[in-house]
Amino acid sequence: MPEKFEMGQVVMTSGISNAVEKDISFGKFVNDCLLRFAKFDWGYLCKDDKKLNDANVDAGHGMILASYKNRKDGREIWIQTVDDRSYTTILFPSEY
């Protein structure tokens, strides 16, 4: 596996942005999750989905999706890099 992969422009949905503005600790959680994502830590995914992410990283294309749960308040976020690696979105699952 390469040392890193291209995430493109990193963006967040309005729901994530609003939550970050209201709660600095949630903003730290989001930032920590993005750092985990960049280090191939896919969070709370099943084994097969983690293997698919790893294969897509190795191939240099294919969507990459991770799921992280905030232990403090139970909120879940997803981080998704699109197939062509042009952008990565941070979002709530309900915003998919």
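Below is a summary of the structure that appears in this document. Every value quoted in this text rests on a predicted model; they were computed, and no experiment measured them.

1. As for the sheet that holds strand β4 (residues 87-91)
To summarise the sheet geometry, strands pair through backbone hydrogen bonds and adopt either a parallel or an antiparallel arrangement. Across the sheet, 4 strands lie side by side as β1-β4-β3-β2; this open sheet has mixed pairing. In the strand order of this sheet, the two ends are held by β1 (9-12) and β2 (64-69), each with one partner. Put simply, the sheet's adjacent strands are angled 15° from each other on average, direction ignored. Helix α1 (residues 14-22) contacts β1, β3 (76-81) and β4 of the sheet and is inclined by roughly 75° relative to β1.

2. A closer look at the pattern of salt bridges
For side chains bearing opposite charge, pairing can occur when the charged atoms are close. In total, this model carries 4 salt bridges according to the counting rule given. Where Asp32 meets Lys28, a salt bridge forms, and the shortest distance between an N and an O atom there is 2.9 Å. Of this pair, Asp32 and Lys28 both sit in helix α2 (residues 24-38), separated by 4 residues, roughly a single helical turn. Note that Asp41 and Arg36 form a salt bridge whose closest N and O atoms lie 2.8 Å from each other. Residue classification places Arg36 among the partly exposed residues on the basis of a relative accessible area of 32%. Each of the salt bridges in this network shares a partner with another, and the network as a whole consists of Asp23, Asp73 and Arg75.

Parameters and conventions
- Residues numbered from 1 in each chain as written.
- Predicted model: local features only at pLDDT ≥ 70, side-chain atom pairs only at ≥ 80, totals over all residues.
- Heavy atoms only, no water.
- Pairing = 2+ DSSP bridges.
- Helix = DSSP H or I, 4+ residues; strand = E, 2+ residues; numbered from the N terminus.
- Axes fitted to C-alpha atoms, helices over the stretch in contact; angles between N-to-C directions.
- Contact = heavy atoms within 4.5 Å.
- Salt bridge = Lys/Arg side-chain N within 4 Å of Asp/Glu carboxyl O.
- Buried < 20%, exposed > 50% of the residue type's maximum accessible area, 1.4 Å probe, protein only.

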